[in-house]
Amino acid sequence: MSVDQLLFAVFPYVAIVLAVVVTLGRYLRDRFSYSSLSSQFLENRKLFWGSVPFHYGILIILAGHLIGFLAPASVLGWNTAPARLYVLEVAALAFGLLALWGVAVLLARRLTDRRIWAITSPMDLVLLVALLGQVATGVLTALFYRWGSSWYAASTVPYLRSILTLSPEPTLVANLPLLPQLHIVGAFVIVALLPFTRLVHLLSFPFSYFWRPYQVVVWNERREASHG
């Protein structure tokens, strides 16, 4: 078995199986552990300047990846006009840099603040380092290899679809440069880490809020009795 087959045909399934099996096991064993364990009450300023840029940046980037995955032909069609291609590439790089700044601040916060360090687990550090590496490889790919949105739609999307259809074709990405390959492998590393880290809180969205009865909140104000 070649390295390409191991990384791009075997490892993705190992990561996905780990994510599904361990996540289900964690939910059945201790569903209340599905939490991000906020440390905002210990330190808020650095958290704001890390968390807000990271979340805005990464959500836009993930949305772009999803659009490219669902409609690669539309992305390629959009990119046929140079002006539109430039806008897409510059916007993706800008949001990537925003996410990179955010995750770097969050990691530095964990390492330098004594109170935050006291509640930081080894998996917190592993997750932040993995996210930093993933965003960094994406940004570096955008900087050193032009028109990434086009070859993502033309090469990476067919590869990802081959993974989902259980017919992996590692040759589709085997000839990509090293940085994009690291970015692809890094994505599956994060998938494998999901059930072992606080990242699992992404799966605990309170969907029941959409159909539960609304709650009435009544504020009672205590007033001191006046004495004449």
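Up top is the structure these notes are about.
In this text, all values refer to a predicted model and were calculated from it rather than measured experimentally.

### Here we look at unusual backbone geometry
Positive phi values are uncommon outside glycine, yet Trp147 reaches one of about 60°. If you trace the backbone, Trp147 turns up in the loop between helix H6 (122-144) and helix H7 (148-164). The partly exposed category is assigned to Trp147, whose relative accessible area is 35%. Of note, the phi angle at Leu166 is positive, near 60°, even though the residue is not glycine. Taking relative accessible area as the criterion, Leu166 reaches 66% and is therefore assigned exposed.

### Considerations on the pattern of salt bridges
Tallied over the full model, the rule gives one salt bridge. A salt bridge links Arg110 to Asp124, with the nearest nitrogen and oxygen atoms 3.9 Å apart. With Arg110 in helix H4 (residues 82-112) and Asp124 in helix H6, this residue pair connects regions lying 14 residues apart in the sequence. Pair check on accessibility: Arg110 and Asp124 agree, each one buried.

### Looking at H4
With 31 residues, H4 extends 44 Å between its outermost C-alpha atoms, agreeing within 8% with the 45 Å of an ideal straight helix rising 1.5 Å per residue. For H4, every residue scored as buried is listed here: Leu85, Glu89, Gly96, Ala99, Gly102, Val103, Val105, Leu106, Leu107, Arg109 and Arg110. Those residues of H4 that are buried lie in contact with helix H2 (45-70), helix H3 (72-78), helix H5 (114-118), H6 and H7.

### Brief notes about the side chain of Thr197
Among the structural elements, Thr197 can be located in the segment after helix H9 (178-193). Look at Thr197 and you get buried, because its relative accessible area is 3%. Polar side-chain contacts of Thr197 include one of 3.3 Å to the backbone oxygen of Leu193. Other than its neighbours up to four places away in sequence, Thr197 contacts Arg26, Met123 and Leu127.

### Structural notes on the nonpolar core
Counting residues in hydrophobic clusters, the biggest one holds 16 residues, and the most contacted among them are Phe54 and Leu131. Contributions of two or more residues to this core are made by H2, H4, H6 and H9. When residues in this core are grouped by element, the largest group, six residues, is from H6. Non-local contacts of Leu131, meaning those with residues more than four positions away in its chain, are made with Phe54, Val103 and Ile190.

### Describing a nonpolar patch on the surface
Side chains of Phe48, Trp49, Val52, Tyr56, Ile60, Phe95, Leu98 and Trp101 sit close together on the surface and give an oily, nonpolar patch of about 810 Å² of accessible area. Residue assignment for the nonpolar patch shows that the elements contributing at least two residues are H2 and H4. It is H2 that provides the largest number of residues to the nonpolar patch, a total of five residues. Here Trp101 is to be found in helix H4.

### Points about H6
The end-to-end C-alpha separation of H6 is 33 Å, in line with the 33 Å expected for 23 residues at 1.5 Å each. Listed as buried for H6 are Asp124, Leu127, Leu128, Ala130, Leu131, Gln134, Val135, Thr137, Val139 and Thr141. Of the surrounding elements, those touching the buried residues of H6 are H2, H4, H7 and H9.

The rules behind these values
Residues numbered from 1 in each chain as written. Predicted model: local features only at pLDDT ≥ 70, side-chain atom pairs only at ≥ 80, totals over all residues. Heavy atoms only, no water. Helix = DSSP H or I, 4+ residues; strand = E, 2+ residues; numbered from the N terminus. Buried < 20%, exposed > 50% of the residue type's maximum accessible area, 1.4 Å probe, protein only. Salt bridge = Lys/Arg side-chain N within 4 Å of Asp/Glu carboxyl O. Expected span 1.5 Å × (residues − 1). Contact = heavy atoms within 4.5 Å. Polar contact = N/O pair within 3.5 Å; in protein donor to acceptor, adjacent residues only side chain to side chain. Core = buried A, V, L, I, M, F, W, Y, C linked by side-chain atoms within 4.5 Å. Patch = residues over 30% accessible without salt bridge, like charges linked within 9 Å, V, L, I, M, F, W, Y side chains within 5 Å. Areas by Shrake-Rupley, 256 points an atom, 1.4 Å probe, with all protein chains shown as cover.

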